Amino acid sequence: MKALDFYVGWSHSDAMYSDYFPGCPMLISAVPDNIRPLRRFKIKPKKLILDSGAVFYASHPERARVKDIFSRQLEILQDGAADTEVRLVHVDEPMLNMKQLRDRYKAMEKTIFNAYEYMNLFSSAQLPQQITPVGVIQGFDLASIRYSVLELKKIGYINFGIGSLLARRPQEQIAFITYAAELVGADKLHVFGVTGLKQIQKMVELGIQSFDSTRPTMAAAFFQIFYSNPFRTYLIDQSNVNKKITRIDYTLPCDCPICLERPDDLLIPTPRDYMKLRSIHNYYHLKKTIQQFQHEKERVTNAVPNVLRS
Ligand SMILES: [Zn+2]
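Residues numbered from 1 in each chain as written. Predicted model: local features only at pLDDT ≥ 70, side-chain atom pairs only at ≥ 80, totals over all residues.

**Some thoughts on the packing of helix α7 (residues 197-206) against helix α9 (residues 272-303)**
Here α7 crosses α9 at 40 degrees, and the two axes come no closer than 9 Å. By the angle between their axes, α7 is oblique relative to α9. Of the two elements, α7 crosses α9, and the hand of that crossing is right-handed. Between α7 and α9, the residues in contact are L197, I200, Q201, V204 and E205 and T289, I290, F293, Q294 and K297, respectively. Looking at the contact of α7 with α9 residue by residue, the class counts come to five nonpolar, three polar and two charged. (Axes fitted to C-alpha atoms, helices over the stretch in contact; angles between N-to-C directions. Helix = DSSP H or I, 4+ residues; strand = E, 2+ residues; numbered from the N terminus. Parallel < 35°, antiparallel > 145°, perpendicular 65-115°, else oblique. Left-handed = near helix turned anticlockwise from the far one by under 90°. Contact = placed C-beta atoms within 7 Å. Nonpolar A, V, L, I, M, F, W, Y, C, P; charged D, E, K, R; others polar.)

**Here we look at the packing of helix α3 (residues 66-77) against helix α4 (residues 101-125)**
At their nearest, the axes of α3 and α4 sit 10 Å apart, and the two run at 50 degrees to each other. Classed by the angle they form, the pair α3 and α4 counts as oblique. For the crossing formed where α3 meets α4, the hand is right-handed. Of the residues in α4, those touching α3 at V66, K67 and F70 are N114, E117, Y118 and L121.

**Describing the sheet that holds strand β11 (residues 247-248)**
Pairing in this open sheet of three strands is mixed, and the strands run β9-β10-β11 from one edge to the other. Only two strands of the sheet have a single neighbouring strand rather than two, namely β9 (224-227) and β11. As paired strands, β9 and strand β10 (residues 232-236) are joined by four bridges and run antiparallel to one another. Bridged to Y227 within β10 is R232. (Pairing = 2+ DSSP bridges.)

**Brief notes about the sheet that holds strand β6 (residues 159-162)**
Around the barrel, which closes on itself, the eight strands sit in the order β1-β2-β3-β4-β5-β6-β7-β8 with parallel pairing between neighbours. The mean angle between the axes of side-by-side strands here comes to 30 degrees, regardless of whether they run parallel or antiparallel. One ladder, built from four bridges, connects strand β5 (residues 131-137) with β6; its direction is parallel. From the neighbouring strand, I137 faces β6, where its bridge partner is I162. Helix α5 (residues 142-155) contacts β5 and β6 of the sheet and is inclined by roughly 150 degrees relative to β5.

**Some words on the environment of I137**
Topologically, I137 is positioned in strand β5. According to the C-beta neighbour criterion, I137 is buried, with 32 such atoms within 10 Å. I137 sits 25 residues away from I162 along the chain, and the two C-alpha atoms are 4.8 Å apart. Apart from the residues within four sequence positions on either side, I137 is in contact with I145, S148, V149, L152, F160, G161, I162 and A180. (Buried ≥ 20, exposed ≤ 12 C-beta atoms within 10 Å, placed from the backbone.)

**So, the pairing of strand β8 (residues 210-213)**
Of the two faces of β8, the one lined by S210 and D212 and the one lined by F211 and S213 are each fully buried. The pairing of strand β1 (residues 5-10) with β8 spans four bridges and is parallel. Bridge pairing in β8 links F6 to F211. Of the strand pairs in this sheet, strand β7 (residues 189-191) and β8 are connected by two bridges, and their pairing is parallel. In the sheet register, H190 faces β8, and the bridge partner there is S210. Following the chain from β7 across α7 to the adjacent parallel β8, one finds a crossover that is right-handed. (Right-handed = clockwise from strand over helix to strand, strands pointing away.)

**Notes on the confidence of the model for the protein**
Averaged over all residues, the pLDDT of the protein is 92; the fraction at 70 or higher stands at 98%. Mean pLDDT across the elements of the protein bottoms out in helix α2 (residues 54-59) (74) and peaks in β9 (98). (pLDDT = per-residue confidence, 0-100.)

**Quick look at unusual backbone geometry**
The amide bond that connects N229 to the next residue, P230, takes the cis arrangement and shows omega of -5 degrees. Tracing the chain through its elements places P230 in the loop between β9 and β10. Each neighbour pair has its own omega, and for T270 with P271 the value is -5 degrees, a cis peptide bond. On the secondary structure map, P271 appears in the loop between β11 and α9. The backbone of R36 shows a phi angle near 35 degrees, a positive value even though the residue is not glycine.

Put into structure tokens, the structure is as follows:
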């Protein structure tokens, strides 16, 4: 059974995840701050998604040319390993804060046009076959998701990603993901920017190909540490954050690369290097939680007699 791949969202000031977890899939945005980021990794990621950094370009529209972003992605790939499986994502027009129907349609049309232009560039570049383009599905309801998928398929996309989900309620996110998976095939769908465990568990059930999240880094930056089985979050006692999360001034048993060496480092709030150690620890527990969801799914699947399987 193919497992859900968790791509950790990475930016230039974050922990070097794949140096600690060889083969760890990573998502990197082709924004100007991430200058040839792969040069810095001792162990290159085995799976990589290079997205466009659409959120950055939304506030710098003059720099959002499809051609320039594609070149930036190719520049990043120069330093990758030859066997890295790469998915490249075209720029989409975020519709996060759009209320007017007309504006939303305009954003969708713009994204589809970008996808078309991007596919032309991609085809002319004649890249090795482990590099594939991803069409970004956009929509604000089921009908617009369907429209977006049909247009992307016409252009020739086989792999897809669904975005613009962040502002939505969990149930709505799940409905959109489920519907998109029905249209393109769950094993061809990446879900951008997910944080909720409920959504992750549902994606495991659906057999979704992959998702990305910056949650291990974000939580670490807010002085939080994760543990798994069951998944839970604590606030480190030395932080000044005033939040209603259980505080912790000691560490629990953990086999992550940080805790095996110096567990107490997790509890030191600053400077940023300690934040990076916390994010490695957090990644380990989020990953373990996803694996538990996977085992649970396999247990349920195996418990169903063959004749009843569809
Ligand atoms: Zn740990």
